[in-house]
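Listed here are the chains, written in short residue letters.
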Amino acid sequence: GAGVSQSPSNKVTEKGKDVELRCDPISGHTALYWYRQSLGQGLEFLIYFQGNSAPDKSGLPSDRFSAERTGGSVSTLTIQRTQQEDSAVYLCASSPTGGGYGYTFGSGTRLTVV
Amino acid sequence: AQRVTQPEKLLSVFKGAPVELKCNYSYSGSPELFWYVQYSRQRLQLLLRHISRESIKGFTADLNKGETSFHLKKPFAQEEDSAMYYCALSGQGFSFIFGKGTRLLVKP
């Protein structure tokens, strides 16, 4: 596609439920990143996929968070047993080869846990 | 460890005043530094990168390796510059990392 697409744009869920957030990167971009954006915390790195390499999961805050990327394209971020502190905007970005060039963000998914 | 520090959470200036948003980094290799901007209700977008040595919307940023800084500057701030600004670092062996951001408010 023309840009990085994320869905849903907004998600309200009850505490304890599982949620799935989707990211469709720019076609041909091998690198895909997930970030969490919340007030006072700025952009928090979550996970990084690069081609067929094992993902860098060093930013995932707990084992309730997981992500996968199927076929080197679409990625899904899953949060299990959501907590109120998970409320944030979840941003996805992709780039052609990793690193900073051509790095493009999606518009994000605003997650609210009630 | 690699780190990007933006010491100011909020910077408030009057229209026409000079503005400098600070960014310091920690990285032992050859860094690539970027500034990203997020205007209200818009997605995060690239403002400028050090390697291009360009001026975008009147903003410039110079990489100072001695001081490990990449401060963003504009001589005369405009109200439309009000936004969230993020400094970012890219390098060998790690993913793209961002500072916590500085909110710039330009008052009329």
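Read on for an overview of the structure. (Residues numbered from 1 in each chain as written. Chains lettered and ligands numbered in written order. Predicted model: local features only at pLDDT ≥ 70, side-chain atom pairs only at ≥ 80, totals over all residues. Heavy atoms only, no water.)

1. Section: the interface of chain B and chain A
Consideration 1: Contact with chain B, which involves 16 residues of that partner, is made by 18 residues of chain A.
Consideration 2: In total, chain B and chain A occlude about 1,500 Å² of area from one another, counting both sides; carbon and sulfur atoms represent 54% of this.
Consideration 3: At the junction of chain B with chain A, the criterion picks out 0 salt bridges.
Consideration 4: Where chain B packs against chain A, one counts 4 residue pairs in polar contact (both at pLDDT 80 or more).
Consideration 5: With 4 residues, strand β5 (residues 32-38) of chain B is the largest single contributor of residues to the side of chain B that touches chain A.
Consideration 6: Class assignment for the residues of the side of chain B that touches chain A results in 7 nonpolar, 4 polar and 5 charged. (Contact = heavy atoms within 4.5 Å. Buried area = accessible area lost by both parts, 1.4 Å probe. Salt bridge = Lys/Arg side-chain N within 4 Å of Asp/Glu carboxyl O. Polar contact = N/O pair within 3.5 Å; in protein donor to acceptor, adjacent residues only side chain to side chain. Helix = DSSP H or I, 4+ residues; strand = E, 2+ residues; numbered from the N terminus. Nonpolar A, V, L, I, M, F, W, Y, C, P; charged D, E, K, R; others polar.)

2. Structural notes on the sheet that holds strand β1 (residues 5-7) of chain A
Residue and element names in this part refer to chain A.
Consideration 1: With antiparallel pairing, 4 strands are arranged side by side in an open sheet as β1-β3-β7-β6. The open sheet has two edge strands, β1 and β6 (65-69), and neither has a second partner. Sheet twist, expressed as the average angle between the axes of neighbouring strands with direction ignored, equals 15°.
Consideration 2: Relative to strand β7 (residues 75-79), strand β3 (residues 19-24) runs antiparallel, the two sharing 5 bridges. When the bridges of β7 are listed, Arg22 appears paired with Thr76. (Pairing = 2+ DSSP bridges. Axes fitted to C-alpha atoms, helices over the stretch in contact; angles between N-to-C directions.)

3. Here's the deal with the sheet that holds strand β8 (residues 72-74) of chain B
Residue and element names in this part refer to chain B.
Consideration 1: Taken in spatial order, the 3 strands line up as β3-β8-β7 in an open sheet, and their pairing is antiparallel. The outermost strands of the open sheet, each flanked by one partner alone, are β3 (19-21) and β7 (60-61).
Consideration 2: As defined by bridge partners, β7 adjoins β8 across 2 bridges and the pair is classed as antiparallel. Bridge pairing in β8 links Thr60 to Lys73.

4. Quick word on the pairing of strand β11 (residues 102-107) of chain B
Residue and element names in this part refer to chain B.
Consideration 1: Across the two faces of β11 the burial differs, with Thr102, Leu104 and Val106 buried and Arg103, Leu105 and Lys107 not buried at all.
Consideration 2: Relative to β11, strand β2 (residues 10-14) runs parallel, the two being bridged by 5 bridges. What sits directly across from Val13, in β11, is Val106. (Buried < 20%, exposed > 50% of the residue type's maximum accessible area, 1.4 Å probe, protein only.)

5. Some thoughts on the state of the cysteines
Consideration 1: For the structure on display, the rule yields 2 disulfides over all chains.
Consideration 2: The residue that forms a disulfide with Cys23 of chain A is Cys92 of chain A, at a sulfur-sulfur distance of 1.9 Å. Between Cys23 of chain A and Cys92 of chain A the disulfide shows an S-S torsion of about -65°. By sign, it is left-handed. A residue pair is termed long-range when its members are at least 10 positions apart, and Cys23 of chain A in strand β3 and Cys92 of chain A in strand β8 (residues 88-95) qualify at 69 residues. Side by side, Cys23 of chain A and Cys92 of chain A carry an identical accessibility label, which is buried.
Consideration 3: The residue that forms a disulfide with Cys23 of chain B is Cys87 of chain B, at a sulfur-sulfur distance of 2.0 Å. (Disulfide = S-S within 2.5 Å.)

6. Some thoughts on the environment of Ala88 of chain B
All names here are of chain B.
Consideration 1: Among the structural elements, Ala88 can be located in strand β9 (residues 83-91).
Consideration 2: For the pair formed by Ala88 and Arg3, sequence separation is 85 residues and the distance between their alpha carbons is 9.2 Å.
Consideration 3: Discounting chain neighbours no more than four positions away, the residues touching Ala88 are Val4, Glu32, Leu33, Phe34, Tyr36, Phe96, Ile97 and Phe98.

7. Regarding the layout of surface pockets
Consideration 1: The calculated volume of the largest pocket comes to roughly 890 Å³.
Consideration 2: Along the wall of the largest pocket there are 33 residues; nearest its centre are Gln37 and Arg110 of chain A together with Gln38, Tyr86 and Arg103 of chain B.
Consideration 3: Only β4 (31-38), β8 and β10 (109-113) of chain A together with β9 of chain B provide two or more residues apiece to the lining of the largest pocket.
Consideration 4: Classifying every residue of the lining of the largest pocket by side-chain character gives 9 nonpolar, 17 polar and 7 charged. (1 Å grid on protein atoms, 1.4 Å probe; cavity = no way out; pocket = protein on both sides within 12 Å on 5 of 7 lines; lining within 4 Å. Points joined across faces, edges and corners; volume = space filled by probe spheres on them.)

8. Quick look at the pairing of β9 of chain B
All names here are of chain B.
Consideration 1: Across the 9 residues of β9, 8 count as buried, placing the element largely inside the fold.
Consideration 2: Judged from the 7 bridges that link them, β5 and β9 form a sheet pairing that is antiparallel. Within the sheet, the bridge partner assigned to Val37 lies in β9 and is Tyr85.
Consideration 3: Judged from the 3 bridges that link them, β9 and β11 form a sheet pairing that is antiparallel. Each bridged residue has a counterpart across the sheet, and for Tyr85 the counterpart in β11 is Thr102.

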